[in-house]
Amino acid sequence: MNVDATVAERPVATKLAITASLVDFVVRTRFCDIPLGAVERAKLSFFDAVGVAIGGSLEPGPQILARFVKQAGGTAAASVMGQGFKTTAQYAAWVNGTAADVNGWADFSVTHMNHPTASICPATLALGEARHARGEDVLLAYILGVEISNKIAAGVKPGFHIKGWHALGVCNTFGAAAAAGKLLALDREQLANAFGIAGAEASGIKASMVTMTKSYVAGASARDGIGAAVLAQMGFTGPRDVIEARDGFLQTFGDGVDGRRMLDHLGDPFEFVAPGLTLKSYPSCTHTHTGIHAALELKRHENIQLDDIESIECAVTPVMNDFLQWHDPRNTAEAKFSMEFCVASALVEDKLDMGNFTEEKLSSADVRPLMRRVKMNVSPELARLGYNPEAAPSGCILTIRLKNGVEHVRRQYKGPWEPETPPDFDALSAKFESCAGAVLAHDRVERTIALLRNLEKLDDVSRLMDLLRSDVNSCGETHGHRPATV
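Residues numbered from 1 in each chain as written. Predicted model: local features only at pLDDT ≥ 70, side-chain atom pairs only at ≥ 80, totals over all residues. Heavy atoms only, no water.

1. Considering the nonpolar core
Working step 1: Counting residues in each nonpolar core, the largest one holds 111 residues, and the members touching the most others are Tyr142, Ile148, Phe174, Ile243 and Phe249.
Working step 2: With twelve residues, the single largest contributor to this core is helix H7 (residues 135-156).
Working step 3: In contact with Ile148, not counting residues within four places along its chain, are Leu22, Phe25, Val26, Phe174, Gly175, Ala178, Phe195 and Leu266. (Core = buried A, V, L, I, M, F, W, Y, C linked by side-chain atoms within 4.5 Å. Buried < 20%, exposed > 50% of the residue type's maximum accessible area, 1.4 Å probe, protein only. Helix = DSSP H or I, 4+ residues; strand = E, 2+ residues; numbered from the N terminus. Contact = heavy atoms within 4.5 Å.)

What follows is the structure, given as structure tokens:
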């Protein structure tokens, strides 16, 4: 084999100036350019992520990481949610991003298989606090960061995911760099350099799914996005054509796809308009939600008794079968990626929330036997639509067979809080309170909700972050009760 000839023949992925187009879009877009519908949907996701991050701050991973960054020191510029101290913007984003993802409750782009908000919301809040930015500027940076992250994910799906890359870490690094660059008012050359630096940092593999590392990369992409933008502002350089360059993003992560999909609908429509983001009503992998909802609806409508169930079949799409690999979960982290556990636990408890994910519930004498009667397989019907079909990306055909031979079937192609059926602000407030109430006193929770409801009118986001830092009493204990460890 002639290695030199093979290298010489290696093609550039595309001749399109993708990086420059993405950079130009971020630099020129103003808040007044964002459609009202996109702003309102973005505020819901932002609000949701803050609550999830506060609750997640009590989990082991973010707690360890908080100790690590506290020992590392640094300028006290940005708040670590629920931990009672400030650190650098990069470090605060790192911990807060990890906390936003650790409980598996942040929003999800089903179409692009990405969790953009878990990284980009913490990045914009940390840098925004350090710069005393207005809420409108933070919200604009967040919307643009999500747009860039998801459009990059769109350009490499599904091969990128099938190979084992995780968009949460890879694509969100660019999204966070875009958001941070907007807050820093970088010019086109600086932002192109920031993208190039982000390309040197972008990483994340699906092997980390049920370990602390899965949420770690959500925080790391937030951290590295800020770092890339700050370095670029200081004059640090990177490849300014990082997406399309030979040996660049498309060739390395995308197997040489041309990346046209990154530009096809850039800001037209915005991601928050279409295809939209799914807000999570259940604290488990989004791909379990259709099975959970179908099971609960069948039980309620058909008055099914658990003792009467012979078996439960969950026929799903290929992407769901790929992600939900933990059929006999050994711990609560694996349980969140187990259709068998989630369906069985929901049927036993008549709900699925953080209270379902405890070691006690995992080994429950009611849940375990029922879980063994749940089987998941790929539906030939859904598989014909593709790996991650747009019509039913998390589609589940759920069949409950009773001991008397009766079968009840429900086709559930979408979950409860999809882009077409989003919760309103008041509905999300209950979820917010359930997360934040474990850390903050009730009055702080109420004040935080009021500020987030009108985020674009906030004169300085540090007012918000002062509320979120912690509520520590004289004994050094946080308010409320520690949620289930994941």
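2. Here we look at the environment of Asn172
Working step 1: Here Asn172 shows up in helix H9 (residues 167-183).
Working step 2: Through-space distance from the C-alpha of Asn172 to that of His327 is 29 Å; in sequence the pair is 155 residues apart.
Working step 3: Ignoring anything within four residues of it in the chain, the contact list for Asn172 reads Asn114, His115, Pro116, Ser119, Ile120, Ser149, Ala167 and Ser221.
Working step 4: Among the polar contacts listed, one links the side chain of Asn172 to the side chain of Ser149, at a separation of 2.5 Å. (Polar contact = N/O pair within 3.5 Å; in protein donor to acceptor, adjacent residues only side chain to side chain.)

3. Observations regarding the pattern of salt bridges
Working step 1: The tally for this structure, following the rule as stated, stands at 32 salt bridges.
Working step 2: In this structure, Lys43 and Glu456 form a salt bridge, with 3.0 Å as the shortest nitrogen-oxygen distance. Here Lys43 is found in helix H3 (residues 36-56), whereas its partner Glu456 is found in the loop between helix H22 (442-453) and helix H23 (462-468), with 413 residues between them in sequence.
Working step 3: With a relative accessible area of 8%, Lys43 lands in the buried category. (Salt bridge = Lys/Arg side-chain N within 4 Å of Asp/Glu carboxyl O.)

4. As for the sheet that holds strand S3 (residues 309-316)
Working step 1: Read from one edge to the other, the open sheet built from four strands follows the order S4-S3-S5-S6, with strand pairing classed as mixed. Both edges of this open sheet fall to strand S4 (374-378) and strand S6 (407-412), since each of them pairs with a single strand only. Shown here is a sheet whose adjacent strand axes are inclined to one another by a mean of 15°, direction ignored.
Working step 2: In the sheet, S3 pairs with S4 via five bridges, with the strands oriented parallel. Note that in S4 the partner of Cys314 across the bridge is Met376.
Working step 3: Helix H14 (residues 289-302) rests against strand S5 (396-402) and S6 of the sheet, and its axis sits at about 135° to S6.
Working step 4: Along the sheet, helix H17 (residues 339-349) contacts S3 and S4; its crossing angle with S3, the most-contacted strand, is approximately 135°. (Pairing = 2+ DSSP bridges. Axes fitted to C-alpha atoms, helices over the stretch in contact; angles between N-to-C directions.)

5. Side note on the packing of aromatic side chains
Think of a pair of aromatic rings as described by two things: how far the centres are apart, and how the planes are tilted against each other in angle.
Working step 1: Enumeration over the complete set of coordinates arrives at 15 aromatic pairs.
Working step 2: Considering the side-chain rings of Trp94 and Tyr216, the 5.7 Å spacing of their centres and the 75° angle between planes classify their relative orientation as edge-to-face. One end of the pair, Trp94, is in helix H5 (residues 89-102); the other, Tyr216, is in helix H11 (residues 212-233), and 122 residues separate them in sequence.
Working step 3: With a relative accessible area of 33%, Tyr216 lands in the partly exposed category.
Working step 4: Ring plane angle 65° and centroid distance 5.9 Å describe the contact between Trp326 and Phe337, whose orientation is recorded as edge-to-face. With a gap of eleven residues between them, Trp326 in the loop between helix H15 (318-323) and helix H16 (332-335) and Phe337 in the loop between H16 and H17 connect regions that are remote in the sequence.
Working step 5: A relative accessible area of 19% means that Trp326 is categorised as buried.
Working step 6: Members of the aromatic cluster, each reached through a chain of ring pairs, are Phe160, Trp165, Phe174, Phe195, Phe249 and Phe253.
Working step 7: A cation over an aromatic ring shows up here: Lys206 above the ring of Phe323, its NZ or CZ 4.5 Å from the ring centre. (Phe/Tyr/Trp six-rings, centres within 6.5 Å; stacked < 30°, edge-to-face > 60°. Lys NZ or Arg CZ within 6 Å of the ring centre and 35° of its normal.)

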